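Report on the structure
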Amino acid sequence: MTGLLDPTSLETPRLLLRGLHSTDLDGFAAVNAQPEVMRYIHDGRTLDRAATAERLATYRRHWDEHGFGLYAVEIKETGELAGFTGLAVPTFLPEIMPAVEIGWRLGRAHWGQGLATEAAQSVVAHARAELGLRRLVSIHVVGNEASARVMVKLGMTLERETVQPDTGRQVRVYAMDL
């Protein structure tokens, strides 16, 4: 993976949301190796460096196909990679398609500081103003209450409860009109 996945960058008071670089692999691999971070992601297993590299390649293809995707979340003050936030097409949950999902994943050291909400609010504003999207969803794995709180802070409301077909996990779909 080389270069940027997307030339667009967004800024908040504390964060730079920027395209993903090949040099982000080690930082993302460190986030994906944290069991408490990955507990509610897909099947709950951590990802090693090779699996993280595959995911980054998938994120690149998503940008190429859709013109939007995930941003690296960088702490402005330190330049540290905190994780990601952004938009994706949630094909893993066919019953809600067509849809665009907003999501986030931050390393454990960055939890409880309002960073996920701050980053996601910037992406919502971008989706509304620059991308012209009319609706966003977010999928909450039951039990991940911190993520659900971010969804509510964004102005999303519970739309349905269902089961994710590939994992059998109970999920709640939150949605908002833009």
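See the structure printed just above.
Predicted model, so just to flag it, every value in this text is computed and none were measured.

A cis amide bond, omega 0°, links M97 with the succeeding residue P98. On the secondary structure map, P98 appears in the loop between β4 (81–88) and β5 (101–106). A positive phi angle, close to 45°, is found at H42, a residue other than glycine. Looking at the element boundaries, H42 is found in the loop between α2 (35–38) and α3 (49–66). Given the relative accessible area of 35%, H42 is considered partly exposed.

So, on to the environment of L115. Mapped onto the elements, L115 comes out in helix α4 (residues 115–129). In sequence terms L115 and L16 are 99 residues apart; their C-alpha atoms lie 11 Å from each other. If near-sequence neighbours (up to four positions away) are discounted, L115 is found in contact with R14, L15, I75, L106 and H110.

Glancing now at the side chain of S138. The topology assignment puts S138 in strand β6 (residues 135–141). Other than its neighbours up to four places away in sequence, S138 contacts E101, I102, W104, M151, M156, R172, V173 and Y174.

Of all eight residues in β4, seven are buried, a share of seventy percent or more. Relative to β4, strand β3 (residues 70–75) is paired through five bridges, and the arrangement is antiparallel. Directly across from Y71, in β4, lies its bridge partner T85. Connecting β3 to the next strand, β4, in antiparallel fashion are five residues, including G79 with a positive phi near 80°. Alignment of β4 against β5, held across six bridges, turns out to be antiparallel. Bridging from a neighbouring strand, G83 pairs with L106 of β5.

Once their charged atoms are close, side chains differing in charge can pair, the charge on each being opposite to the other. In the structure shown here, the tally under the stated rule is nine salt bridges. Across the pair R18 and E74 runs a salt bridge whose closest N-O atoms are separated by 2.6 Å. Placement of the pair is R18 in strand β2 (residues 15–18) and E74 in strand β3, with a sequence separation of 56 residues. For the pair R18 and E74, a shared accessibility class is recorded, and that class is buried.

Bringing the pairing of strand β7 (residues 157–163) into the picture now. The pairing of β7 with strand β8 (residues 170–177) spans six bridges and is classified as antiparallel. For T162, the partnering residue across the bridge sits in β8 and is V171. The hairpin formed by β7 and β8 contains six residues between the paired strands, and G168 there has a positive phi angle of roughly 75°.

Quick look at α4 now. Taking 1.5 Å per residue, 15 residues should reach 21 Å; α4 reaches 21 Å between its end C-alpha atoms and fits that length. The element α4 is largely enclosed, with a buried count of 11 among its 15 residues.

Rules used throughout
Residues numbered from 1 in each chain as written. Predicted model: local features only at pLDDT ≥ 70, side-chain atom pairs only at ≥ 80, totals over all residues. Heavy atoms only, no water. Helix = DSSP H or I, 4+ residues; strand = E, 2+ residues; numbered from the N terminus. Buried < 20%, exposed > 50% of the residue type's maximum accessible area, 1.4 Å probe, protein only. Contact = heavy atoms within 4.5 Å. Pairing = 2+ DSSP bridges. Salt bridge = Lys/Arg side-chain N within 4 Å of Asp/Glu carboxyl O. Expected span 1.5 Å × (residues − 1).

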